[in-house]
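Close look at the chain arrangement
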Amino acid sequence: CNWLVCMAVYMASGCSTMIGKMTAVWFPISAFVALGLDHSIANMFIIPLGMFRGADVTIKAMFVKNLIPVTLGNIVGGALCVMAPFGTTLGKWFESKK
């Protein structure tokens, strides 16, 4: 799911106008929300808020069943689905140093 967030940032950085940046961010973030995906940073707020409001969730369950898998998924998704293809295609990874 993190690849959608990374794509939003990547596409917005390629735009020079504010309306272009807003449009570039709109579609990936809308897809992220529509798919109901989890983001570890958002969960670090929402889950404790639910716990304070009486949700039957333990701190162990929050980490083991949510934050650890979601964080690992965010790292893998961002690295493999965004950074690796764009880094190899547009970056300078394989250029020889002179």
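Everything below is about the structure shown above.
Treat the numbers as computed from the prediction; the structure is a model and nothing was measured.

With that settled, the discussion passes to helix α4 (residues 59-90). At Met83, α4 shows its maximal kink, close to 40°; a proline, Pro85, follows between one and four residues later. Turning to α4, its buried residues are Met62, Asn66, Leu67, Val70, Asn74, Gly77, Gly78, Val82 and Gly87.

The next point concerns the packing of helix α3 (residues 40-52) against α4. Contact geometry of α3 with α4 gives a least axis separation of 10 Å together with a crossing angle of 165°. The orientation of α3 with respect to α4, classified from their angle, is roughly antiparallel. In the packing of α3 onto α4, the handedness of the crossing is right-handed. Residue-level contacts link Ser40, Asn43, Met44, Ile47, Pro48 and Met51 of α3 to Ile59, Met62, Asn66, Leu67, Val70, Thr71 and Asn74 of α4. When grouped by side-chain class, the residues that make up the contact of α3 with α4 number eight nonpolar, five polar and no charged.

Moving on, we get to the side chain of Asn43. By the element assignment, Asn43 lies in helix α3. Classification of Asn43 by relative accessible area gives buried; the value is 8%. In this view, Asn43 contacts Asp38, Pro48, Asn66, Leu67 and Val70; residues no more than four positions away in its chain are not counted.

With that settled, consider a nonpolar patch on the surface. A surface patch of nonpolar side chains, about 580 Å² in accessible area, is lined by Ile59, Phe63, Val64, Ile68, Leu72 and Ile75. Locating Val64 in the fold gives a position in helix α4.

Under the 1.5 Å per step criterion, the end-to-end length of α3 is 18 Å for 13 residues, consistent within 8% with the ideal 18 Å. Of the residues making up α3, those classed as buried are Ser40, Asn43 and Ile47. Down the axis of α3, the buried side of the element spans an arc of 40°, and every buried residue falls inside it. Exposed and facing more than 90 degrees away from the buried side of α3 are Ile41, Phe45 and Phe52.

Cut-off values and rules
- Residues numbered from 1 in each chain as written.
- Predicted model: local features only at pLDDT ≥ 70, side-chain atom pairs only at ≥ 80, totals over all residues.
- Heavy atoms only, no water.
- Bend = angle between axes of the 7 residues up to and from the residue.
- Helix = DSSP H or I, 4+ residues; strand = E, 2+ residues; numbered from the N terminus.
- Buried < 20%, exposed > 50% of the residue type's maximum accessible area, 1.4 Å probe, protein only.
- Axes fitted to C-alpha atoms, helices over the stretch in contact; angles between N-to-C directions.
- Parallel < 35°, antiparallel > 145°, perpendicular 65-115°, else oblique.
- Left-handed = near helix turned anticlockwise from the far one by under 90°.
- Contact = heavy atoms within 4.5 Å.
- Nonpolar A, V, L, I, M, F, W, Y, C, P; charged D, E, K, R; others polar.
- Patch = residues over 30% accessible without salt bridge, like charges linked within 9 Å, V, L, I, M, F, W, Y side chains within 5 Å.
- Areas by Shrake-Rupley, 256 points an atom, 1.4 Å probe, with all protein chains shown as cover.
- Salt bridge = Lys/Arg side-chain N within 4 Å of Asp/Glu carboxyl O.
- Expected span 1.5 Å × (residues − 1).
- Arc of directions from axis to C-beta.

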